[in-house]
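Breakdown of the fold
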Amino acid sequence: MSNRTFTMIKPDATSKGYTGAILDQIIKAGFSVKAMKWIKLSEEQAGLFYDIHRERPFFGELVDFMSSGPIVAAILEKENAVADFRELIGATNPANAAEGTIRKRFAASIGENAVHGSDSDENAVIEGDFFFSKLERF
Ligand code: CMP
């Protein structure tokens, strides 16, 4: 089991001024930040990141949204990081997210759902490598 996961605070949350509150909730839940950057993706970069969803009907909407404004990308560390982080953020659709989860508190819809969290240890590594060089992680 890996102890790292990858997250993005998405453009809906950064534009509404939720970045600080979301990071505070993440850190209070016991995660430590091993890499972090504030960055705006191009449409091409957003498409590459979400390449696995390319054939889905919502792909175009997802790429437009994820390239619409700045995001915060981060690698987080905690025991059982992938599963614990997915519990902290709640269901993909905020309407189904448990009370107190980040998506319940800060997300508006399934498309604009405030945060991303890796769904496996393997994807956490792939996604972290997408954003960060060895010099940028600790
Ligand atoms: P995320 O966890 O970042 O991974 C893929 C993203 O696709 C997901 O969060 C949602 O933001 C988005 N997504 C998933 N299903 C839908 C949908 N039905 N309509 C729009 N966006 C979706």
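Let me sum up the structure you'll find in this document. Computed from a predicted model, the values in this text were never measured in an experiment.

Some points on the nonpolar core
With 18 residues, the main nonpolar core has Ile9, Ile22, Ile26, Phe31, Phe85 and Ile102 as its most contacted residues. Those elements that place two or more of their residues in this core are helix 2 (19-28), strand 3 (71-77), helix 5 (81-89) and helix 6 (102-106). Among the elements that make up this core, the one with the highest residue count is helix 5 (four residues). Not counting residues within four places of it along the chain, the set of residues in contact with Phe31 comprises Ile26, Leu76, Glu77, Lys78, Ala81, Asp84, Phe85 and Leu88. Counting residues in hydrophobic clusters, the runner-up holds 17 residues, among them Tyr50, Phe59, Phe65 and Phe132.

Considerations on the pairing of strand 1 (residues 4-9)
In terms of residue burial, strand 1 counts as a mostly covered element, since five of its six residues are buried. As judged from the six bridges shared by strand 1 and strand 3, these two strands associate in the antiparallel manner. Within the sheet, the bridge partner assigned to Thr7 lies in strand 3 and is Ala74. With three bridges joining them, strand 1 and strand 4 (residues 115-117) adopt antiparallel strand pairing. Counterpart to Met8 in the pairing with strand 4 is His116.

A word on the site of the ligand
Residues in close proximity to the ligand include Lys10, Tyr50, His53, Phe58, Glu61, Leu62, Thr92, Arg103, Ile110, Gly111, Asn113 and His116, which together make up its full environment. A distance of 2.9 Å is found between an oxygen atom of the ligand and a side-chain nitrogen or oxygen belonging to His116. Coverage of the ligand by the protein amounts to 81% of the 460 Å² it exposes when considered alone. Residue composition of the shell around the ligand, by class: four nonpolar, five polar and three charged.

Digging into the side chain of Glu127
Mapping Glu127 onto the fold places it in helix 7 (residues 121-131). One buried charged residue, Glu127, forms no salt bridge at all, with the nearest opposite charge on Arg86 at 7.8 Å. Within polar-contact distance, the side chain of Glu127 engages the side chain of His116 at 2.9 Å. Separated by 2.7 Å, the side chains of Glu127 and Ser118 make a polar contact. Setting aside anything within four residues of it in sequence, one finds Glu127 in contact with Phe6, Phe49, His116 and Ser118.

Some details on the environment of Ala46
Examined against the element boundaries, Ala46 turns out to sit in helix 3 (residues 43-49). Expressed as a C-alpha distance, the spacing of Ala46 and Phe65, which sit 19 residues apart in the sequence, is 9.0 Å.

Re the pattern of salt bridges
When charged atoms on two side chains of opposite charge get close, those side chains can pair. The full count for this structure, using the stated rule, is seven salt bridges. Note that Arg4 and Glu77 form a salt bridge whose closest N and O atoms lie 2.9 Å from each other. With Arg4 in strand 1 and Glu77 in strand 3, this pair connects stretches of sequence that are 73 residues apart. When its relative accessible area of 21% is taken as the criterion, Glu77 is described as partly exposed. For the salt bridge of Asp84 with Lys78, the shortest nitrogen-to-oxygen distance reads 2.5 Å. Three or more residues are tied together by salt bridges with common partners; here these are Arg4, Lys34 and Glu77.

Conventions we followed
- Residues numbered from 1 in each chain as written.
- Predicted model: local features only at pLDDT ≥ 70, side-chain atom pairs only at ≥ 80, totals over all residues.
- Heavy atoms only, no water.
- Core = buried A, V, L, I, M, F, W, Y, C linked by side-chain atoms within 4.5 Å.
- Buried < 20%, exposed > 50% of the residue type's maximum accessible area, 1.4 Å probe, protein only.
- Helix = DSSP H or I, 4+ residues; strand = E, 2+ residues; numbered from the N terminus.
- Contact = heavy atoms within 4.5 Å.
- Pairing = 2+ DSSP bridges.
- Near = heavy atom within 4 Å.
- Polar contact = N/O pair within 3.5 Å; in protein donor to acceptor, adjacent residues only side chain to side chain.
- Areas by Shrake-Rupley, 256 points an atom, 1.4 Å probe, with all protein chains shown as cover.
- Nonpolar A, V, L, I, M, F, W, Y, C, P; charged D, E, K, R; others polar.
- Lys, Arg positive; Asp, Glu negative; His and termini not counted.
- Salt bridge = Lys/Arg side-chain N within 4 Å of Asp/Glu carboxyl O.

The analysis is restricted to geometry; functional conclusions fall outside its scope.
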